[in-house]
Amino acid sequence: MARITRYSKFEGELDQLESSELMQMIQEALLGQGMNDPYDPDPDARPSMDDLFDAILEALAERNMIPEEQLLEAMQADDVRDTALGQQIQRLMDRLQQDGFIRKEFDEDGEGGGPGDPGQATFQLTDKSIDFLGYKSLRDLMGGLGRSSAGAHDTREYASGTEMSGELKNYEFGDTLNLDTTATLGNVIHKGFDQLEESDLVIRQAEYNSSAATVVMLDCSHSMILYGEDRFTPAKQVALALAHLIRTQYPGDTVKFVLFHDSAEEVPVGKLAQAQIGPYHTNTAGGLRLAQQLLKRENKDMKQIVMITDGKPSALTLPDGRIYKNAYGLDPYVLGATLREVAQCRRSGIQINTFMLARDPELVGFVQRVSEMTRGKAYFTTPQNIGQYVLQDFMTNKTKLVN
């Protein structure tokens with residue numbers, strides 16, 4: 001249940017609600033499973049305008065934003081869409097479309113559903129909407145980190161031609177000759193330039209800001225919504241926030257997204273918000289294989305996989321294309337194939353950072369092994385704080401200063 005807040009200035013004046021405020025109120029419904037059927041997912045399904053109407057109605061009700069007389073009328077009506085409240089919600093939906101947050105879509109016959117049933121028309125989130133959701137998620141998560149801005153990646157390499165760190169050191173053979181004139185003159189001014197020695201040279205170090213290629217692997221197996229906890233929506237929010245962060249703060253970086261379940265597929269960021277959970281197993285090996293293929297196309301200094309999951313590998317794509325599944329324990333056959341993909345990542349210089357939403361002892365051991373093999377990191381976290389861990393790890397990916 002969302003936290004209830006009283007917005008008294010809107011009582012009786014719902015038409016004054018801005019589209020951005022409305023998007024903020026319904027973002028969990030747009031990203032979550034409320035518009036999908038996790039037991040019978042349709043990859044091509046699109047939420048209907050009726051789904052959007054219900055999401056807005058629920059958001060207004062949870063926040064006590066509906067005037068009592070309108071609420072009473074709606075409760076007594078055969079169809080809330082015929083009431084004053086329903087008409088106001090319809091105007092809000094129209095404004096979302098006019099302001100470019102959603103795009104209404106119809107079938108060839110002009111309807112999204114059956115004839116005469118325009119409420120079944122579907123809608124698609126626009127680039128503006130995806131950007132808004134990514135920014136909102138990023139702002140919330142960065143607030144939790146106590147940060148307001150981020151720069152480029154810091155790495156173990158220090159060289160010339162980039163941001164100065166301000167640190168001085170005596171020149172050693174092999175260093176880039178980024179000479180600090182003032183400090184060097186101070187060492188030789190008394191003995192003369194003809195007595196200049198290598199030890200008199202002072203250089204100013206500069207950080208080498210690398211570009212990075214990242215593939216985010218999102219587990220969309222059925223366990224991500226089991227036991228009454230939706231783990232997939234926070235994972236999608238993190239992915240959107242990371243995409244927005246990279247686009248706005250790290251323009252030299254790239255990020256791609258892979259969904260892994262019985263198999264694995266790449267999903268563009270524009271389609272990420274409507275990605276669905278299904279009655280699937282966890283084909284971690286397939287996800288890692290696809291992530292490597294995507295990273296091979298990138299000419300970046302750093303290549304990494306960010307894997308968000310809550311389960312053990314339980315599926316495998318066989319050479320003939322069939323899917324082998326075993327949900328009971330860590331199947332040696334599945335585990336072996338998965339670790340072979342991990343080893344291939346290590347040989348390709350790809351780091352795997354795993355964010356595990358479960359603490360099963362078997363899983364802990366598996367994740368630690370993956371991290372050790374690729375010199376990556378393992379985080380055992382919860383849906384409530386996974387975003388802070390992912391973004392913090394991404395922005396502070398650095399080691400000690402090394403010459």
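Right above here is the structure, for reference.
Criteria and cut-off values
- Residues numbered from 1 in each chain as written.
- Predicted model: local features only at pLDDT ≥ 70, side-chain atom pairs only at ≥ 80, totals over all residues.
- Heavy atoms only, no water.
- Helix = DSSP H or I, 4+ residues; strand = E, 2+ residues; numbered from the N terminus.
- Buried < 20%, exposed > 50% of the residue type's maximum accessible area, 1.4 Å probe, protein only.
- Contact = heavy atoms within 4.5 Å.
- Salt bridge = Lys/Arg side-chain N within 4 Å of Asp/Glu carboxyl O.
- Phe/Tyr/Trp six-rings, centres within 6.5 Å; stacked < 30°, edge-to-face > 60°.
- Pairing = 2+ DSSP bridges.
- Axes fitted to C-alpha atoms, helices over the stretch in contact; angles between N-to-C directions.

Colleague: In this structure, what is going on with the side chain of Ser19? I would like to understand it.
Modeller: Along the chain, the position of Ser19 falls in helix 1 (residues 19-31). Overall, the relative accessible area of 3% leaves Ser19 in the buried class. Residue contacts for Ser19: discarding those within four places in its chain leaves Arg95, Leu96, Asp99 and Phe101.

Colleague: When you look at the pattern of salt bridges in this model, what are you seeing that I'm missing?
Modeller: Two side chains of opposite charge can pair, provided their charged atoms sit close to one another. In total, this model carries nine salt bridges according to the counting rule given. Between Glu105 and Arg103 there is a salt bridge, and its shortest N-O distance comes to 3.9 Å. Classification of Glu105 by relative accessible area gives partly exposed; the value is 26%. A relative accessible area of 41% means that Arg103 is categorised as partly exposed. Linking Arg231 and Asp310 is a salt bridge whose minimum nitrogen-to-oxygen distance equals 2.6 Å. Of this pair, Arg231 sits in the loop between strand 5 (212-219) and helix 7 (232-249) while Asp310 sits in the loop between strand 8 (302-309) and strand 9 (315-317), and the two are 79 residues apart along the sequence. Neither residue differs from the other here; Arg231 and Asp310 are each classed as buried.

Colleague: Before we go on, may I ask you to explain the packing of aromatic side chains in this structure?
Modeller: Note on aromatic pairs: each is described by the distance of the centres and the angle between the planes. As enumerated under the stated definition, the model contains three aromatic pairs in all. Ring plane angle 75° and centroid distance 5.4 Å describe the contact between Tyr324 and Tyr333, whose orientation is recorded as edge-to-face. Taking the relative accessible area as the measure of exposure, Tyr324 reaches 28% and is therefore partly exposed. A relative accessible area of 43% places Tyr333 in the partly exposed class. Centre to centre, the rings of Phe355 and Tyr379 are 4.8 Å apart; their planes meet at 0°, and the pair counts as stacked. Of this pair, Phe355 sits in strand 11 (residues 350-356) while Tyr379 sits in strand 12 (residues 378-380), and the two are 24 residues apart along the sequence. Classification of Tyr379 by relative accessible area gives buried; the value is 17%.

Colleague: Looking at this structure, I do not really get the pairing of strand 6 (residues 254-260). What am I missing?
Modeller: The side chains of a regular strand alternate between both faces of the sheet. Pairing between strand 5 and strand 6: seven bridges, direction parallel. Pairing of Thr214 across the sheet is with Val255, part of strand 6. Of the strand pairs in this sheet, strand 6 and strand 7 (residues 264-266) are connected by three bridges, and their pairing is antiparallel. When the bridges of strand 7 are listed, Leu259 appears paired with Glu265. Between the end of strand 6 and the start of strand 7, which pair antiparallel, lie three residues.

Colleague: Sorry, what's going on with unusual backbone geometry here?
Modeller: With the exception of glycine, the majority of residues adopt a negative phi angle, and the majority of peptide bonds are in the trans configuration. The phi torsion at Asn64 lies on the positive side, around 55°, for a residue other than glycine. With respect to the helices and strands, Asn64 occurs in the loop between helix 2 (49-62) and helix 3 (68-76). Residue classification places Asn64 among the partly exposed positions, given a relative accessible area of 35%. A positive phi is found at Arg375, a non-glycine position, where the angle reads about 55°. As for its position among the elements, Arg375 is in the loop between helix 11 (361-374) and strand 12.

Colleague: Hey, could you run me through the sheet that holds strand 6 in this one?
Modeller: Adjacent strands of a sheet pair through backbone hydrogen bonds, lying either parallel or antiparallel. One open sheet accounts for six strands, arranged 7-6-5-8-11-12; its pairing is mixed. A single partner strand is all that each edge strand has here, and the edge strands are strand 7 and strand 12. Strand-to-strand twist in this sheet, taken as the mean axis angle between neighbours without regard to direction, amounts to 20°. In this structure, strand 8 lies alongside strand 11, joined through seven bridges in parallel fashion. Within the sheet, the bridge partner assigned to Met307 lies in strand 11 and is Thr354.

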